[in-house]
Amino acid sequence: MSETVREPGETVAGEEGPEAASPEPGTGILRVFGRQMKRFRLRAGLERSEVGARTGYSPSTIASYEQGRRIPPPRFIDVADELLDAGGVLQEMKEEVARAQYPAFFRDAARLEAEAVELHVYDTHVVNGLLQTEEYARAVFTMRRPLLDDATIEQRVTARMLRQEIFSRWPAPLMSFVIEEAVLRRPVGGSGVQRGQLEQILLIGQKRNVEIQVMPLHREDHAGLAGPFTLIETKAGERIAYAEVQKSSQLYTERTSVRELEAQYGIIRAQALTPRESMTFIEGLLGES
């Protein structure tokens, strides 16, 4: 069978298929992975339906993986590598493929976040993705405008939950979060989702390597009015700042810019409630809900 043969369920440029899940289809690494997977499948003499039956996915989903239109999960890549006798070629691309599940503007930050030895976060609009429950994350993506399709929402939720593996890493990174009181009071997804989110924050706040603080609404002095940001320190000792607004983002590596944000974060933490006071405050919010 030729590599140029169009198989059942396959689309060409300009067509919209039912599996076109990603708002950024055809990301380079996904196309490369898909071509390699198809090559190994054809070498093994298997149809898409056979691969799907043995891996638990539909033939149309296998087609989407091969065409670079959907992002295969890590478990599928492991199973497919063994099934197709790929000799580890598919598994070697697993990390880059996983990175493609994030919006383009966040991919570099996601890589740095996963490797951080220190991470310090200030949030003003929603609970940070590292602290979000699955239900809260799904509500956030469902409310996104322009609307995201259902498959993309599920992809983004899965990616967000995978980021939280940072909490089980060892050595554990030192992490701190400052959250605006208004964020905690906003019932994203409804009161039930809000309650679950507050409980999650309390749970994560008990970890020895994590400190969570609340910036109360009644503070007259506030050093964080310019918006949210994240401070990252890497294993190599690099200090980087990340800021995001709408679909735009920026990584700051120049020392003067990063130092200014580090100083600002220190003042924000001093103005916020202490970690112990913050946990008590969040418990109070739970009592109100």
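Since the model is a prediction, treat every value here as computed from it, not as a measurement.

Caption draft 1: Spotlight on the overall build of the protein. Along the backbone of the protein there are 13 helices and six strands. If one aligns the C-alpha atoms of the protein with their principal axes, the spans along those axes are about 70 × 40 × 35 Å. Sorting the 289 residues of the protein into buried and exposed places 47% on the buried side. Long-range pairs, those at least 24 residues apart, make up 72% of the contacts in the protein with a sequence separation of at least 6.

Caption draft 2: Quick look at the pattern of salt bridges. All told, the structure shown has 13 salt bridges when counted by the stated rule. A salt bridge links Glu199 to Arg195, with the shortest nitrogen-to-oxygen separation between them at 3.7 Å. Of the two residues, Glu199 and Arg195 both sit in helix 11 (residues 191-204), four residues apart, roughly one turn of that helix. Judged by relative accessible area, which is 35%, Arg195 ranks as partly exposed. Here Arg239 ties to Glu233 by a salt bridge, and the two come within 3.5 Å at their closest N and O atoms.

Caption draft 3: Structural view of the nonpolar core. Counting residues in each nonpolar core, the largest one holds 33 residues, and the members touching the most others are Phe167, Phe177 and Ile212. The element best represented in this core is helix 11, accounting for five residues. Counting residues in each nonpolar core, the second largest holds 19 residues, with Met37, Phe76, Ala86 and Leu90 among its members.

Caption draft 4: View of helix 12 (residues 255-271). Along its 17 residues, helix 12 runs 24 Å from first to last C-alpha, staying within 8% of the 24 Å computed at 1.5 Å per residue. Of the residues making up helix 12, those classed as buried are Val258, Leu261, Gln264, Tyr265, Ile268 and Gln271. Within helix 12, the buried residues cover an arc of 140° as seen down the axis, which keeps them to one side. Residues of helix 12 that are buried sit in contact with strand 1 (118-123), strand 2 (174-180), strand 3 (210-215), strand 4 (229-233), strand 5 (239-245) and strand 6 (248-252).

Caption draft 5: Looking closely at unusual backbone geometry. Pro146 follows Arg145 through a cis peptide bond whose omega is 0°. Relative to the elements of secondary structure, Pro146 occurs in the loop between helix 8 (134-142) and helix 9 (150-163). Residue Pro171 is reached from Trp170 by a cis peptide bond, and omega for that bond is 5°. With respect to the element layout, Pro171 can be found in the loop between helix 9 and strand 2. For Asp85, which is not a glycine, the phi torsion comes out positive at approximately 50°. Note on placement: Asp85 falls in the loop between helix 4 (74-83) and helix 5 (89-92).

Caption draft 6: Up close: the side chain of Asp81. Among the structural elements, Asp81 can be located in helix 4. No salt bridge is formed by the buried Asp81, whose closest oppositely charged neighbour, Arg43, lies at an N-O distance of 8.8 Å. At 3.3 Å, the side chain of Asp81 forms a polar contact with the backbone nitrogen of Val89. Looking at Asp81, its side chain comes within polar contact range of the main-chain nitrogen of Leu90, at 3.0 Å. Leaving out residues up to four positions away in the same chain, Asp81 has contacts with Ala86, Gly87, Gly88, Val89, Leu90 and Gln91.

Caption draft 7: Broad picture of the sheet that holds strand 1. Strand order in this open sheet of six strands is 3-2-1-4-5-6, and the pairing throughout is mixed. The open sheet has two free edges, formed respectively by strand 3 and strand 6, since each of these has just one partner strand. The average angle at which neighbouring strand axes cross in this sheet is 10°, direction not considered. Taken together, the five bridges between strand 5 and strand 6 define a ladder with antiparallel strand orientation. Directly across from Tyr242, in strand 6, lies its bridge partner Leu251.

The rules behind each value
- Residues numbered from 1 in each chain as written.
- Predicted model: local features only at pLDDT ≥ 70, side-chain atom pairs only at ≥ 80, totals over all residues.
- Heavy atoms only, no water.
- Helix = DSSP H or I, 4+ residues; strand = E, 2+ residues; numbered from the N terminus.
- Buried < 20%, exposed > 50% of the residue type's maximum accessible area, 1.4 Å probe, protein only.
- Contact = heavy atoms within 4.5 Å.
- Salt bridge = Lys/Arg side-chain N within 4 Å of Asp/Glu carboxyl O.
- Core = buried A, V, L, I, M, F, W, Y, C linked by side-chain atoms within 4.5 Å.
- Expected span 1.5 Å × (residues − 1).
- Arc of directions from axis to C-beta.
- Lys, Arg positive; Asp, Glu negative; His and termini not counted.
- Polar contact = N/O pair within 3.5 Å; in protein donor to acceptor, adjacent residues only side chain to side chain.
- Pairing = 2+ DSSP bridges.
- Axes fitted to C-alpha atoms, helices over the stretch in contact; angles between N-to-C directions.

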